[in-house]
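Commentary on secondary and tertiary structure
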Amino acid sequence: YSISLPLIRKKKGMLRMKIKSYILVILFSLSFAACEKEDNNGPKTDNDVNLWIERIMRENYLWYSELPEKNTLNFDAEPKAFLLSLLSDKDGKDLPEGHHYYSTLEKAVATKSIFNDRDSYGFDFATSNLKSGNNIYKIAVVLYVLKDSPAEEAGLKRGDWILGVNGAEGTIQNYDILRSGGSVSLQLARYDEDREVIIPTREIALGASCVVEDTPFLKDSVYTIGNSCIGYLMYNHFTIGPDGRDDMSYNLYLQQLFEKFKSRNVNEFVLDLRYNGGGDVRCAQLLASLLAPESVLGDTFCKLEYNDKNESKNNVIPLLKTSEVRSGNLNLKRLFVLTGSNTASSSELVINSLKPYLGNNVRLIGVQTFGKTVGMSVYDESEKYGWIFSPVTFRSYNKEGKADYADGFSPDIRINEFNWNLVSFGETNEPLLAEAIYEITGRSSLKSVRSVSKPVPLDISYSPQQSIRNNMVLYIE
């Protein structure tokens, strides 16, 4: 339900870790191809690219048996259109705005980093139709604001309602202006429940987009309530580092963060993945290893299964060993996970992989997750072809061989955050976190989340430009 504005990450130090496979989940942002490099070494015709695509698909595509006969294909088509003519309906999902395919073909960019340098306003939002009097408006609801961004400088906050951009109110087309990167004005509003109308409140000036660090770590906290010491982490994407697949600095920070949790005697944990559509499975492997019971470290994290032409590639990725997670493992007996409809892929992989070890003590609070159990292999021959190709090539399973979440994981406690006023992450009156604290301690700053009067429910919908970070891919070395 969200539109992820293009974001930039700064370089940090590196940490190297061993793993059999490099598996990533990619965010295809609104301006994924905005930083394309000059294709000086690429082929002169689309035919060369399409022959390369077709050859890879015949051998590696999970549903290769459904590919059209070669003599029916138009090899002179534009490459993305050509790929579309090959894809199975099993590849991806039907979303409100149309079918979303997992397999992707993208122009090569200037660096090998999955998250390449882009400018950003530094905030993310969801959209909703809302009736005001006799009119229906399209509003944007701010989900979060990144530090040191134009949005933060302008005073934009999580939970703000944006009624219009540059003076034009209530139509989704106006929000396309936010893709331009230029300075804009935002008309903010609130809802008057008594009169059932939207009331404009103030206008803010949003400076031009600039370099903003898109850290995965939006909030971490520790709460001591009675005998419970509760750790909380709002982890927004599984990115191993800001500078490509060999930069491990975010994983290093994740490990250090859990060492701090352990030093404070955290014995319960709330993992906030409500907007996390996935990322590098090395992050997922590390995160699961930090959360799992210490006795199972080194056991199976997940299993990968390829098509019948590539059974030799089937493998098992383990949980890290005690020596690899150092002093960060919390040795948990249960885990509370906050979920949303964009909780996908590597987020679901962590949930699924911990179930054999924690069972029903993996408790989900929120709404149904996205549901994605397949992944892609990345074929990067950009120097020759000018494209990076990522077709679906494998399925993932947990230790017990299960992946029963093609339709998403159902929450144990269903709470739609958009039925509430959105407050800052980590605040104990934030509805999803408050419910987790209530489940752990029997206490809550809301007393009981279910008993508090609610503001107007928002009918959050996907936007035609929405982007889901939910493509798990394996690099071909």
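These numbers come from a predicted model, not from an experiment. (Residues numbered from 1 in each chain as written. Predicted model: local features only at pLDDT ≥ 70, side-chain atom pairs only at ≥ 80, totals over all residues. Heavy atoms only, no water.)

We now examine the overall build of the chain. For the chain, the helix and strand inventory stands at ten helices and 24 strands. The buried share of the chain, reckoned over its 477 residues, is 61%. Counting only contacts in the chain whose residues sit at least 6 apart along the sequence, the fraction spanning at least 24 positions is 74%. Surface accessibility of the chain: about 19600 Å² in total, with carbon and sulfur atoms responsible for 44%. (Helix = DSSP H or I, 4+ residues; strand = E, 2+ residues; numbered from the N terminus. Buried < 20%, exposed > 50% of the residue type's maximum accessible area, 1.4 Å probe, protein only. Contact = heavy atoms within 4.5 Å. Areas by Shrake-Rupley, 256 points an atom, 1.4 Å probe, with all protein chains shown as cover.)

Read from one edge of the open sheet, six strands run β12-β13-β14-β17-β18-β22, paired in mixed fashion. Every other strand in the sheet has two partners, leaving β12 (217-225) and β22 (413-414) as the edge strands with one partner each. Relative to strand β17 (residues 335-339), strand β14 (residues 268-272) is paired through three bridges, and the arrangement is parallel. Following the sheet pairing, Asp272 is matched in β17 by Leu338. Helix-sheet contacts for helix α5 (residues 249-263) involve β12, β13 (228-235) and β14, and the interaxial angle to β12 is about 10 degrees. Set on the sheet, helix α10 (residues 431-441) makes contact with β12, β13, β14, β17, β18 (362-366) and β22; between it and β17 the angle comes to about 160 degrees. (Pairing = 2+ DSSP bridges. Axes fitted to C-alpha atoms, helices over the stretch in contact; angles between N-to-C directions.)

This part takes up the pattern of salt bridges. All told, the structure shown has 16 salt bridges when counted by the stated rule. Between Asp192 and Arg195 there is a salt bridge, with its nearest N and O atoms 3.4 Å apart. Several salt bridges share partner residues, and in doing so they unite Arg158, Asp272, Arg274, Glu417 and Glu430 into one network. (Salt bridge = Lys/Arg side-chain N within 4 Å of Asp/Glu carboxyl O.)

For strand β6 (residues 123-132), a buried count of eight out of ten residues is recorded, marking the element as mostly surrounded by other parts of the structure. Looking at chain direction, β6 and strand β7 (residues 135-145) are connected through ten bridges and run antiparallel. Note on β7: the bridge partner recorded for Ser132 is Asn135. Hairpin connection of β6 to β7: two residues between the antiparallel strands, including Gly133 at a positive phi of 65 degrees.

What follows is about unusual backbone geometry. One non-glycine residue, Glu196, adopts positive backbone phi at about 55 degrees. In this fold, Glu196 is placed in the loop between β10 (184-192) and β11 (197-206). Residues other than glycine seldom take positive phi values, yet Ser345 does so here, at roughly 55 degrees. Assignment of secondary structure puts Ser345 in the loop between β17 and α8 (346-358).

Let's shift gears to α5. An ideal rise of 1.5 Å per residue puts 21 Å on 15 residues; α5 measures up with 21 Å between its terminal C-alpha atoms. For α5, every residue scored as buried is listed here: Ser249, Tyr250, Asn251, Leu254, Gln255, Leu257, Phe258, Glu259 and Phe261. Considering only its buried residues, α5 is in contact with β12, β13, β14, α6 (281-291) and α7 (322-325). Of the residues trailing α5, Asn265 is marked for its positive phi of about 65 degrees. (Expected span 1.5 Å × (residues − 1).)

Below, the discussion takes up the confidence of the model for the chain. Scored by pLDDT, the chain has a mean of 83; 81% of the residues are at 70 or more. In the predicted structure, residues 110-117 sits below a pLDDT of 50 and forms 25 contacts with residues beyond four places in sequence or in another chain. Note that pLDDT drops below 50 for residues 462-470; the model gives that stretch 50 contacts with residues more than four away or on any other chain. (pLDDT = per-residue confidence, 0-100.)

With that settled, consider the pairing of β10. Consecutive side chains along a regular strand alternate between the two faces of the sheet. Counting buried residues in β10 gives eight out of nine residues, a clear majority hidden from the surface. Bridge count for strand β8 (residues 161-165) against β10 is four bridges, and the pairing is antiparallel. Considered in β10, the bridge of Trp161 is made with Ala189. As judged from the nine bridges shared by β10 and β11, these two strands associate in the antiparallel manner.

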